[in-house]
Every structure is written in structure tokens, then in C-alpha cells.
Amino acid sequence: MTTTRLRSLPARAPSGATLPATPPAPRQTGAPVVELRDVSKIYGGGSVGLEQASMKISRGEFVFLVGATGCGKSTCIRLLMKELEPSAGSILIAGKDLDDVGPKQVALLRRNIGTVFQDYKLLPNRTVYDNVAYSLQVIGEPRQEIRRKVPDILRLVGLSTKLHNFPDQLSGGEQQRVSIARAFVNHPPLLLADEPTGNLDPETSIGIMQLIYRINRTGTTVIVATHDKEMVDKMRRRVIELREGRIVRDELSGLYRPDESTTEFAVRLRGEMGVGAEGHPN
Amino acid sequence: MPFGFFLKEAFRGLSRNSAPGLAALLTVMLTALVLGVFIPIVQATTGTANEVRGRVAVDVYVTSGATAAEREQLRQAIERTANVRSVDFISKAEGLREAKQKNPGAFAEGTELLGGNPLPDTFRVLPEDPDRVGAIVDRLAPREPSGERVPSLAGIDEVRNKESDTDKILSATGLVKILTAGLAALLIFASVALVANTIRLSVFSRRREVEVMKLVGATNWFIRWPFVIEGIFVGFMGGVLAVLLLTIAKETFIDPLSERFELLAAPETIDFPLLIVLLLVACVAVSAVGSAITLRRFLRV
């Protein structure tokens, strides 16, 4: 781990599975980086994406958005990127209401938000180097800077030997590393990850999450939408649970699902199969 | 913004996505080729039609006893009439010579039999607008209620315009002109639609790429410029190829033939250099604008 790059590092960097039971308290300074005020998103056709969701995420926090498929995690991420418009409520990023961000300013907003997706979304006919360089070219970075920064960030994610490979010549984990490098190369204050480990095996997932965690340690606020239970339980970060578009839980160091014993799980399993008290609505 | 970067991006797009680009290039080339052949044909056809229309004339026969002064007066009166472009005097002798040339046997015999020149002095009146030639006739010799035409000016014996022939010429050439204009419009529309569609296809095959660029924070013009440059390049190359083929065809086939056949060297067709410039500009404009417009849909992320 290249600790020299990391800002405000705690005395001992916890790693992987041995994270402390009580994580360092998030730095609560200034306006929240992300704030949702009673945000609803109803898609055309009436299906609910998000319903009256409110949350505040402060600078430097690491937040998991968890929940089953269709619970509104991705809607939340896409709303934050202004890829979607909320049906009601307001979203503030760094104190700025997204309603006030015009179509011309969306590009500027997105340059300040790094994004990582489940399907990587790399440009297929560009090399690893060019993919990462593109997000610097977009902001008009001079060429020498690009030449300096891109190999740097690719070394950080461990891909310094595959600079000139095309995305389809890489494994899933490597492609996700490229997309993380692209998201972080211009050091955005906010990183959004939508199921970053959704397509990856557990071993590779740990590597990816490690990278995201390292990015968080440089002071970047990170929001990860995931259903990777194991990862959430091991990392013990703030967890916001969504169910059918509503926020049902917001814990500072949570588990994917509050502890339950095998028998409790058995009860839930039976319940959800048919006549459970707290069952699935279907 | 960095032009060099956009240029590099455009050529990256062309080389890594060559199939749709090549298809667009070929489409541009073929449509330009067809247009390049068709434009002179349309012009030659309408030129010929106009030439035929130019032959529509009104003959004003002068009374046999008219003096030179009366004739001059009559000429001025006719020249003042509306829709008259030119008035030519054809004397009896000239008229006979002309007629003999056209039909030597009959007239030689005729004059012999009649013992003199039967033709009157004639003013040949050419109209400004052949379609309204009837108005001249009506002016010089209005139709009486009885249905007979009576000359309105002193010195006119009779006014003739070979009415049935004139009508045929006018309706036939009119139809030809309308048809060729319609065909030309259709062909130009088809060419624009075809090129625009092929360009759309090549942009469409990269819509995911455009979406990713938007998510990374590229502005619309940052994404658009390389596509527009690509469009310009494809249009220009297609146009140049078409022009090359046209030139070769002209040099090898048309030019040698036109020396032998007057008709092929139609006088009113467009200059070849002007045709080349027009085609190139049209190709480049259609494909560049086509790229930019198609992109608009995918830029709305």
C-alpha cells in the first residue's frame, strides 16, 4: 500500500477482514457532500425508484447503500449523477441543488464525481491508457500532465504492465481496476460506485474494495451501492438500507443485515416463502 | 479546444470502426456519382426543351402594297407590343429562298407555275415568354365576335402562329421540363436521405461510447467535434472518388463522342469544374451535418 499518497491516515491502517469493530468517526465538517431531501423518483409507468428518501453524507465518509435488487440503489446513484431527474424533493451536492445545474453544467458536475459501474463502462476501442487519459482530456489537462498522471494511477491500481491492452483483453477484475483508475485520476471529491463487485468473484472483489477504500482514505467521499453481504459485514462502515425505494435503516457501522441466528434466518426463509409476518409483500 | 486532439480522435474512430465508415464513404461516392451524371443530363434536357420553345414565333404578313415608311411604322408598333422579344423582317425574296432551301422541289415548281413569288413580306416576331404567345396574336389581330381575326394595325395583312404546332411544342416541352425537375428533386432527396442514413448508422454503432463519454464529464461539443470531422473526411473522400470517376468517364467516353455528335455537346450544361465543386461541397456538408444531428439523440444522457 502506498501510504505516502494517503492523507490523514490513522495510526494503523486496518486492512481487509480485520477492521476494528468501531470505525473512525466520519469527519463532520462543513456542509454535507451529499444531501437528499425527501427525494422521490417515480418512473414512467408508475414504478417506484425512490420514495421520500432523505440522507446526509459528510465529507470523507464511506457509505454502503444496500438492499435487494430493485430497491432503489441504482436510482439513487443515477440521481446523484443527474442522469435522472427526481420526481420530487431536492438533491444537494456540496451544497448545490442539482435543480440549479443546467444541461450545460452537467458535464462540470460529473467531472467532480468519479463513477464506477458493475459493467465497467470502458471505451471498447481505446487502450487502458487512453481510457484513463480520456477523463483527463475531457477537462483539458495538458499533455505532459496526462503523461505523468495516467501511468501513476495505473501503477496504483496494479495495471502498470497492461497500459496498451484493450479492455476486451483484460479480466473482469482488471477492467474494474481500469474504471476505478479512470474515476479517480483527477481526484474528484466524490466517488460513486454502483455494484462495483457485482460481476466479480469474492477474491477479486476484495482487491477492488481495497482500492475504493484507499481512495476513501485520501479524503474522498465514497458511496458504494452493493449487495455484497460479506464485504459490508467485514468492513463495518455506515450502511444505509433501502427497501422498495424507502430508507429503512441508517447505521454508522452496520452489517448488511442486522445479526440473525441460523434459526432466525430459517424463520425468515419460511416466512418469505409463504405466510410470514414480516414477509415479502409478494 | 485542442484541434489536434479532435483530429486524432476522428481518425481513431475511422480506423477502429472502419466498416460503417467505409459504408458511408461508398454511399457518398455512389450518390455523388449518380448526381454528377444526372445534373448535366437534366440540364441538357431542359436546355433542349427551351431551345425548341425558342422556335415558337408569330408571323405577321405585310399587305403587298405597303411602302417602306409604313413597314417601318408597323415594325415599331409591333416592337412596342407586350411580350415581344425581337422582330425580324423577312422580305419576299428572303422568304422564298428560305422556303426553297427547306423544300427545293415543290417551291421551284410552284413559283414557275404561279409566274412570280407568292410569299408576302413578313415580320417574324419572337415572344419573350413562349407560353403567352397567344396574347401577341390577340393583340395584333383581335378575334371579332364572328370568330374572324381582324388586324388591328394598318399594313398587316394577316397574323399567323401555326397554332396547333405551337400548342404541341408548348405542352410537350412543358411536360419534359416538369418531369426532369421532379426527377432531379427526387434524386437529390434520395441522395441526402441515403447519405444521412448511412452516417446515422455509423454513429449509432458507437452510441454506447458516446454515453460513457457523457458520464465521464465530456461536454457535448467535446464529443461532437471528432464525429463532425469524421463526417467531413468521409464526405470529402467519397466526393473526391466520385469526381475522379466522373472525370475519367468524361475524358474517355463523352469528350470523344461530343466531337462527332453536336447534341452531346449541349450548350447549356454546367461547367465541369463548377459541378465538381458543387458535388464536393454537398457531400461534405451532408455528411458533417448528418453526423452532428444524429449525435444529438445520444447526447441527451
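So, how was this worked out
Residues numbered from 1 in each chain as written. Chains lettered and ligands numbered in written order. Predicted model: local features only at pLDDT ≥ 70, side-chain atom pairs only at ≥ 80, totals over all residues. Helix = DSSP H or I, 4+ residues; strand = E, 2+ residues; numbered from the N terminus. Buried ≥ 20, exposed ≤ 12 C-beta atoms within 10 Å, placed from the backbone. Contact = placed C-beta atoms within 7 Å. Nonpolar A, V, L, I, M, F, W, Y, C, P; charged D, E, K, R; others polar. Pairing = 2+ DSSP bridges. Axes fitted to C-alpha atoms, helices over the stretch in contact; angles between N-to-C directions. pLDDT = per-residue confidence, 0-100. Left-handed = near helix turned anticlockwise from the far one by under 90°. Domains from an automatic or database assignment. Parallel < 35°, antiparallel > 145°, perpendicular 65-115°, else oblique.

Draft legend 1. Seen up close, the overall build of chain A. Within chain A one finds eight helices and ten strands. Residue burial in chain A is summarised as follows: out of 282 residues, 38% are buried. When contacts within chain A are restricted to residue pairs at least 6 apart in sequence, those whose partners lie at least 24 apart make up 68%.

Draft legend 2. View of the interface of chain A and chain B. On the chain B side, the residues contacting the 13 residues of chain A number twelve residues. Those elements that provide at least two residues to the side of chain A that touches chain B are helix 2 (106-111) and helix 3 (128-137) of chain A. Of the residues in the side of chain A that touches chain B, the class split is four nonpolar, four polar and five charged.

Draft legend 3. How the structure looks around the sheet that holds strand 3 (residues 62-66) of chain A. Residue and element names in this part refer to chain A. Here six strands make up an open sheet; going across it, the order is 6-7-8-3-9-10 and the pairing mixed. One side of each edge strand has no neighbouring strand; the edge strands of this open sheet are strand 6 (113-117) and strand 10 (246-251). Averaged over all neighbouring strand pairs, the angle between strand axes comes to 15°, with direction disregarded. Relative to strand 7 (residues 190-194), strand 6 runs parallel, the two being bridged by five bridges. Residue pairing across strands places Phe 117 opposite Asp 194, the latter belonging to strand 7.

Draft legend 4. Up close: the confidence of the model for chain A. Residue and element names in this part refer to chain A. Mean pLDDT over chain A stands at 84; residues scoring 70 or higher make up 85%. Averaged pLDDT values for the elements of chain A fall to 78 in helix 8 (residues 262-273) and rise to 95 in strand 7. Low pLDDT (under 50) marks residues 1-27, which in the prediction has 32 contacts with non-local residues, meaning those over four places away or in another chain. Predicted confidence is poor over residues 276-282, with pLDDT under 50, and the contacts of this stretch with residues over four places away or in other chains come to eight contacts.

Draft legend 5. Examining the packing of helix 2 (residues 18-54) of chain B against helix 10 (residues 272-298) of chain B more closely. Residue and element names in this part refer to chain B. Remark: helix 2 packs on helix 10, axes separated minimally by 10 Å, with the N-to-C direction vectors making an angle of 145°. Crossing of helix 2 over helix 10 shows right-handed handedness. Seen from helix 2, the contacting residues are Ala 24, Val 28, Ala 32, Leu 35, Gly 36 and Ile 39; seen from helix 10, they are Leu 275, Leu 279, Cys 283 and Ser 287. Of the residues that constitute the contact of helix 2 with helix 10, the class distribution is eight nonpolar, two polar and no charged.

Draft legend 6. Spatial organisation of the sheet that holds strand 1 (residues 58-62) of chain B. Residue and element names in this part refer to chain B. Spatially, the four strands line up as an open sheet ordered 2-3-1-4, and their pairing is antiparallel. Pairing within the sheet leaves two strands with one partner each, and these edge strands are strand 2 (84-90) and strand 4 (156-160). Between one strand axis and the next, the sheet turns through 20° on average, direction left out of account. Across six bridges, strand 2 lies against strand 3 (residues 122-127) in antiparallel orientation. Looking at strand 3, one finds that Asp 88 is bridged to Arg 124. On the sheet, helix 6 (residues 133-140) packs against strand 1, strand 2, strand 3 and strand 4 and is oriented at approximately 20° with respect to strand 1.

Draft legend 7. Local environment of the domain arrangement of chain B. The domain architecture assigned to chain B consists of domain 1 (3-51 + 170-298) and domain 2 (57-160). On a C-alpha basis, the centroid separation for the pair domain 1 of chain B and domain 2 of chain B is 52 Å.

Draft legend 8. Broad picture of the packing of helix 5 (residues 172-184) of chain A against helix 6 (residues 202-217) of chain A. All names here are of chain A. Interhelical geometry of helix 5 versus helix 6 gives an angle of 10° and a closest axis separation of 10 Å. On the basis of the axis angle, helix 5 is roughly parallel to helix 6. On the side of helix 5, the interface is formed by Gly 173, Gln 176, Arg 177, Ile 180 and Phe 184, while helix 6 contributes Thr 204, Gly 207, Ile 208, Leu 211, Ile 212 and Ile 215. Grouping the constituent residues of the contact of helix 5 with helix 6 by class yields six nonpolar, four polar and one charged.

Draft legend 9. The environment of B:Ala23, seen in detail. On the secondary structure map, B:Ala23 appears in helix 2. Sequence separation between B:Ala23 and B:Thr48 is 25 residues; the distance between their C-alpha atoms is 38 Å.

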